[in-house]
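What the coordinates show
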Amino acid sequence: MPAPDRPRQLLLAVDAPSLLHRHHHARAHSDLRDRNGRPAWALHGMLRQILEAIDMFAPDAVIFGLDDRTTSVREELYPAYKAGRAEKHPALVEQLERAGALLDALGLATLTPPGLEADDVNASAATWAQTHDWDCVLVTSDRDSFAHISDHTRVLRLINGGMAASPLLTPRALHAMYGVSPAQYLEFAALRGDASDNLPGVTGLGEKTVPVLLREMGSMQAVWADIDHCAGQHLVATLDSWSAEHGERRIGTGLLRRLTADGARERYAFNLSLMSGRTDLDLGLTPDVPGTPGLLPLDPLRVSRVVGHLGVESTTALALRVLTEPPASAAG
């Protein structure tokens, strides 16, 4: 347990492919190459943004989640998973494949879980932090990570505009955005669907009605139980009471009809299974063993050599400053 006057230690968990994709599209015009002449704009953009995050949060450890690019459990279950996305540019593919080696060479921790994705690493990082009484910041543009927000875990949601414009989401901020708690977020998303992953939601249920349903009923477990045992009578009465209280048209019967339509429950359950991240992955973090991968600070000579290979002096200088100094928790 941390001392009363000492902050919890902090784990920064990074969705590396998310950052690489964003910076490939934003920086391709620069045609930045490393000292071997290989494309490096996405790698440099990813690293630069993470250095800014480390400078902002001063974590004790950093782990990068990477996607398994050879097989996918989710695609095996649902071949159309993410099928609507454009084919990756060869230069992006090359940088995705080199990212792990770059980060490992720096001394940061990486994990590529077989058949899984960076989202699963983030989910497991949030669980690891809770178990070890650390704080955690998940750095990603993926919304499924919102389910792991808690008193221990926040999400730095990367959007256009860089670090300064990226919101740091807490339970209160998430509720302000969507009207649901972190514990309800995956149920909300499974009902709404996710076009970016090619997952249609339950027909007729969207971002306005689903929060009302979950807030008034508590959970989808309660919804399905009421439908199974009471034909949805409590659901209709509860939602119509809400409508009357707020001067809205009655929505209970319409929602019950949509939830009991052919395939609706199956669609919800399927979406929930694909959106749920694995929380039990072994991250390989050993905070009690100094010098193991992922723990900060890093060796200055190693940082200078690896980051310097990208050929951007200002980034090398930033890396030396933020990666080789003790974390904020060490001040205690």
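One can find the structure itself at the top, above this paragraph.
What counts, and where the lines are drawn
Residues numbered from 1 in each chain as written. Predicted model: local features only at pLDDT ≥ 70, side-chain atom pairs only at ≥ 80, totals over all residues. Heavy atoms only, no water. Helix = DSSP H or I, 4+ residues; strand = E, 2+ residues; numbered from the N terminus. Expected span 1.5 Å × (residues − 1). Buried < 20%, exposed > 50% of the residue type's maximum accessible area, 1.4 Å probe, protein only. Salt bridge = Lys/Arg side-chain N within 4 Å of Asp/Glu carboxyl O. Pairing = 2+ DSSP bridges. Core = buried A, V, L, I, M, F, W, Y, C linked by side-chain atoms within 4.5 Å. Contact = heavy atoms within 4.5 Å. Arc of directions from axis to C-beta.

**A short note on helix α5 (residues 118-132)**
Across its 15 residues, α5 extends 21 Å between first and last C-alpha, which sits within 8% of the 21 Å expected from 1.5 Å per residue. Turning to α5, its buried residues are Ala118, Asp119, Asp120, Val121, Asn122, Ala123, Ser124, Ala125, Ala126, Trp128 and Ala129. Of the residues flanking the end of α5, it is Asp133, one or two places downstream, whose phi is positive at about 55 degrees.

**Observations concerning the pattern of salt bridges**
A complete count under the given rule lists 15 salt bridges for this structure. Between Arg98 and Asp34 there is a salt bridge; the shortest N-O distance is 3.1 Å. In this pair, Arg98 is assigned in helix α4 (residues 90-106) and Asp34 in the loop between α1 (16-27) and α2 (41-57), connecting sequence segments 64 residues apart. In terms of burial, Arg98 and Asp34 fall into one category: buried. A salt bridge links Asp55 to Arg321; its shortest N-O distance comes to 3.0 Å. One end of the pair, Asp55, is in helix α2; the other, Arg321, is in helix α14 (residues 313-323), with 266 residues separating them in the sequence. Three or more residues joined by partner-sharing salt bridges are found here, namely Asp34, Arg38, Glu94 and Arg98.

**Some thoughts on the sheet that holds strand β6 (residues 168-169)**
The sheet built from 6 strands is open, its strands ordered β3-β2-β1-β4-β5-β6 with mixed pairing. Strands at the two margins of the open sheet, each flanked by one partner only, are β3 (109-111) and β6. Of the pairings in the sheet, the one linking strand β1 (residues 10-15) to strand β4 (residues 135-140) comprises 5 bridges and is parallel in character. In the strand pairing of β4, Leu11 is matched with Cys136.

**As for the nonpolar core**
Leu11, Tyr185, Leu213 and Leu259 are the most contacted members of the largest nonpolar core, which has 58 residues in total. With 6 residues, helix α7 (residues 182-192) is the largest single contributor of residues to this core. If we ignore the near neighbours within four places in the chain, the residues touching Leu11 are Ala61, Val62, Ile63, Ala125, Trp128, Trp134, Asp135, Cys136, Val137, Leu283 and Leu285. If you look at the next biggest cluster of nonpolar residues, it comprises 43 residues, including Ile50, Phe57, Phe64 and Leu106.

**Examining helix α12 (residues 264-275)**
For α12, spanning 12 residues, the distance from its first C-alpha to its last is 16 Å, which sits close to the expected 16 Å at 1.5 Å a residue. Residues Ala264, Tyr268, Asn271, Leu274 and Met275 constitute the buried set of α12. One face of α12 carries all of its buried residues, which in axial projection span an arc of 135 degrees. The elements touched by buried residues of α12 are α3 (73-77), α7, β7 (193-194), β8 (199-200), α9 (220-230) and α11 (252-259).

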